[in-house]
Amino acid sequence: MAHASPTLPEYVELQCLSNFSFLRGASHPEELVERASQLGYAALALTDECSMAGVVRAHVAAKAQGLKLLIGSQFEVEADEPLAPFTLIVIACNRTGYGDLCEFITGLRRASPI
């Protein structure tokens, strides 16, 4: 009797940096989308560091590939003792969340001394 090979559950990458995260990500957003599609991912979350710069390119590529794109960003959070510094990943669930995330990033960038 032949054994049926098990089906793998759908996979979604929830943390992905593009080359818009300077010195951290290496691939263009459209390349990341293409590779995720080739690997059979159900969706891909683009979460560049405090930026939405790669979202349009990723969106165009995801639409062409038929891949669900999750839009987000990540932030390095410095915490006081007893907490250690950590990475916060935020993914927008809808248009309102997308707007809120863009507003949050703008506020952080305006407040930054750099």
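What counts as what
Residues numbered from 1 in each chain as written. Predicted model: local features only at pLDDT ≥ 70, side-chain atom pairs only at ≥ 80, totals over all residues. Heavy atoms only, no water. Helix = DSSP H or I, 4+ residues; strand = E, 2+ residues; numbered from the N terminus. Rg over C-alpha atoms; globule rule 2.2 N^0.38 Å. Buried < 20%, exposed > 50% of the residue type's maximum accessible area, 1.4 Å probe, protein only. Salt bridge = Lys/Arg side-chain N within 4 Å of Asp/Glu carboxyl O. Disulfide = S-S within 2.5 Å. pLDDT = per-residue confidence, 0-100. Expected span 1.5 Å × (residues − 1). Arc of directions from axis to C-beta. Contact = heavy atoms within 4.5 Å. Polar contact = N/O pair within 3.5 Å; in protein donor to acceptor, adjacent residues only side chain to side chain.

I would appreciate a short explanation of the overall build of the chain in the present structure.
Counting secondary structure elements, the chain contains three helices and four strands. The secondary structure elements of the chain, listed N-terminal to C-terminal, are β-α-β-α-β-β-α. Taking 13 Å as the expected radius of gyration for a compact globule of 114 residues, we find that the chain reaches 17 Å, considerably beyond that expectation. Along the longest, intermediate and shortest principal axes, the C-alpha atoms of the chain span 65 × 35 × 30 Å. A buried classification covers 31% of the 114 residues belonging to the chain.

What am I meant to see in the pattern of salt bridges here?
Side chains bearing opposite charge may pair, as long as their charged atoms lie close to each other. Scanning the model with the defined rule gives two salt bridges in all. For Arg-24, the salt bridge is made with Glu-49, and the minimal N-O distance between the two is 2.9 Å. Of this pair, Arg-24 sits in the loop between strand S1 (12-13) and helix H1 (29-38) while Glu-49 sits in the loop between strand S2 (43-46) and helix H2 (55-65); the two residues are 25 residues apart in sequence, bridging distant segments of the chain. Taking the relative accessible area as the measure of exposure, Arg-24 reaches 41% and is therefore partly exposed. Relative accessible area serves as the criterion here: at 27%, Glu-49 is assigned to the partly exposed category. Of the charged contacts in the structure, one is a salt bridge between Arg-24 and Glu-76, with a shortest N-O distance of 3.8 Å. Of this pair, Arg-24 sits in the loop between S1 and H1 while Glu-76 sits in strand S3 (residues 68-77), and the two are 52 residues apart along the sequence.

Could you clarify how one ought to interpret the state of the cysteines in this entry?
Structurally, a disulfide amounts to a covalent bond that connects the sulfur atoms of two cysteines. With the rule as written, the count across this model stands at zero disulfides. Unpaired in terms of disulfides, Cys-16 finds its nearest cysteine sulfur in Cys-50, a separation of 17 Å. Taking the relative accessible area as the measure of exposure, Cys-16 reaches 10% and is therefore buried. No disulfide involves Cys-102; its sulfur sits 11 Å from that of Cys-50, the nearest cysteine.

So what exactly am I meant to see when it comes to the confidence of the model for the chain here?
Interpreting fine coordinate detail is not advised for predicted regions of low pLDDT. Looking at the chain as a whole, its pLDDT mean stands at 92, while 94% of the residues score no less than 70. Across the chain, the element-wise mean pLDDT spans from 95 in S1 up to 98 in S2.

I would appreciate a short explanation of helix H3 (residues 95-111) in the present structure.
Residues lying three or four places apart along an α-helix face the same way, a consequence of the helix completing one turn every 3.6 residues. In this model H3 runs 24 Å from its N-terminal to its C-terminal C-alpha over 17 residues, within 8% of the 24 Å that 1.5 Å per residue would give. Residues of H3 that are buried: Gly-97, Leu-101 and Ile-105. Within H3, the buried residues cover an arc of 75 degrees as seen down the axis, which keeps them to one side. Seen from the buried face of H3, the exposed residues on the opposite side, beyond 90 degrees, are Arg-95, Thr-96, Glu-103, Arg-110 and Ala-111. Against S3 and strand S4 (86-91) lie the buried residues of H3. One side-chain oxygen at the N-terminal end of H3 lies 3.1 Å from the backbone nitrogen of Thr-96; it belongs to Asn-94.

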